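Structural features, examined
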Amino acid sequence: MSLTVSKVDKSYGKLKALDEISLCFEPGNIYGLFGRNGAGKSTLCNLMTGRTLPDQGLVHLDGSDLVSDSRIARRVALVNETWPYPSRRHIRQAFAMAEGFYGDFDWHLAERILKSFALRLTDTFASLSMGQRQVVKDVIGLCLPVEYLILDEPTTGMDAAARERIYSFVLEAYQQRGPTMIIATHIINEVSQLISRATIIDQGRVLRSFSVDDLSALGTTVTGRPRDVEGYLAQGDPQLLSRQRIGDLLRVSFEGPVSDEQPKGLIVAPMDLQTYFVQITEGAAQ
Ligand SMILES: Nc1ncnc2c1ncn2[C@@H]1O[C@H](COP(=O)(O)OP(=O)(O)OP(=O)(O)O)[C@@H](O)[C@H]1O
């Protein structure tokens, strides 16, 4: 079983939002989907739930076309900026409507999450703050019996404590019911401990798709006196991502793991996922 996107193109007028994108999301993972503003993340999320149609290419779940088969669409849910439910009714009604379409809603988990955010089933969506509305949208996704849950910016408007708490519920929902999750977000460091694979898209294309089992293997930063740094680089043939002067020092970053040896006078450190993301998308933009 997998959710696959094959050679998908999507344009808005002359703008190519997705350009021959091919990806495969295997069950049993939490994926991070990263990209800068306008990279095409939301368009891809919409395509993977049949909310937007591709100009070319296919989106399949277990080999069946997601667009033409509505039974398949019920196995994949998307949480994004939209709220397709009545805003002035109790949120309980929105949950019931979602249950009507997707089946078995986890009311117990929903109430627990709401309570931890001091929200109630009798609140109306319209009366909530931006961050509270996002919580309610996330609750719907986390409590549905779907095989794939796509969360497009699931912490919009939330404060730092709320973001941390919602991600603990994301993990709980994943551990208890195990939907494969795809989390599209800008706040990469927040999800780096949660995800097992990451995909970075840029200008509608897949830039990297990799396992994050060993974050220290992604990239390395070396800082020191320019002569020492150049000497270190000359020992191998690293794929440079950036080169930056900091006062009298030179800092370079390159793809690949940190070597075991710590050369004298140099600070050699692994790159975190967010820094890696910034470095390679900066490189792609130049
Ligand atoms: N309905 C639309 N009509 C016209 N252009 C659109 C539409 N939706 C998206 N686009 C354009 O397609 C490109 C990809 O947009 P998309 O929303 O998928 O990016 P994103 O990676 O989700 O961005 P962000 O992180 O800023 O939300 C952008 O250049 C955007 O302006």
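Worth saying up front: this structure is predicted, and the values here are computed from it rather than measured. Residue numbering note: each chain is counted from 1, following its sequence as written. Predicted model: local features are reported for residues with pLDDT of at least 70 only, side-chain atom pairs are reported and counted for 80 or more only, and whole-chain, interface and lining totals are derived from all residues.

**A word on the site of the ligand**
In plain terms, the rule: By convention here, the C-beta atom is placed from the backbone, and a residue is near a molecule or strand when that atom is within 6 Å of it. Every helix listed is a DSSP run of H or I at least four residues long, and every strand listed is a run of E at least two residues long, numbered separately from the N terminus. Each residue is assigned to one of three groups, with Ala, Val, Leu, Ile, Met, Phe, Trp, Tyr, Cys and Pro labelled nonpolar, Asp, Glu, Lys and Arg labelled charged, and all others, Gly among them, labelled polar.
Around the ligand, the neighbouring residues are Tyr12, Leu15, Ala17, Gly35, Asn37, Gly38, Ala39, Gly40, Lys41, Ser42 and Thr43. Contributions of two or more residues to the shell around the ligand are made by strand 2 (15-25) and helix 1 (41-47). A per-element tally of the shell around the ligand places helix 1 first, with three residues. Looking at the shell around the ligand residue by residue, the classes come out as four nonpolar, six polar and one charged.

**As for the UniProt feature "domain: ABC transporter" (unreviewed entry) in the protein**
Heads up, the rule is: UniProt positions are given in the numbering used here, feature names are shortened, and annotations may be inferred rather than shown by experiment.
The residues that UniProt annotates with the feature "domain: ABC transporter" (unreviewed entry) are residues 3-228. The span residues 3-228 shows a helical share of 32% and a strand share of 30%, and its end C-alpha atoms are spaced 48 Å apart.

**Quick look at the pairing of strand 6 (residues 76-79)**
Our working definition: Whether a residue is buried, exposed or partly exposed is read from the other C-beta atoms within 10 Å of its own C-beta, which are placed from the backbone; 20 or more gives buried, 12 or fewer gives exposed, and intermediate counts give partly exposed. Pairing between strands is defined by DSSP: at least two bridges between them are needed.
Side chains of strand 6 alternate between two faces, with Val76 and Leu78 and Ala77 and Val79 buried alike. With four bridges joining them, strand 6 and strand 7 (residues 148-152) adopt parallel strand pairing. Paired with Val76 across the strands is Tyr148, a residue of strand 7.

**Digging into the sheet that holds strand 2**
The four strands are arranged 2-1-4-5 in an open sheet whose pairing can be described as antiparallel. Only two strands of the sheet have a single partner each, and these edge strands are strand 2 and strand 5 (64-65). The pairing of strand 1 (residues 3-12) with strand 4 (residues 56-61) spans five bridges and is antiparallel. Looking at strand 4, one finds that Val5 is bridged to Val59.

**So, the environment of Arg208**
Using the following cut-off: For every residue pair, C-beta atoms are placed from the backbone, and the pair is scored as a contact if these atoms sit within 7 Å.
By the element assignment, Arg208 lies in strand 10 (residues 205-211). Between the C-alpha atoms of Arg208 and Ile280, which are 72 residues apart in sequence, the distance is 9.0 Å. Each residue touching Arg208, except ones within four places of it in the same chain, is listed here: Ile200 and Ile280.

**Details of the pairing of strand 10**
Relative to strand 10, strand 9 (residues 197-202) runs antiparallel, the two being bridged by six bridges. Across the sheet, the residue bridging to Arg197 is Ser211, located in strand 10. Count of turn residues in the strand 9/strand 10 antiparallel hairpin: two residues, of which Gln203 carries a positive phi of about 45 degrees.

**Considering the domain arrangement of the protein**
We count it as follows: How far each domain reaches was decided by an automatic or database domain assignment.
According to the domain assignment, the protein consists of domain 1 (3-211) and domain 2 (219-270). The C-alpha-based centres of domain 1 and domain 2 are spaced at 38 Å.

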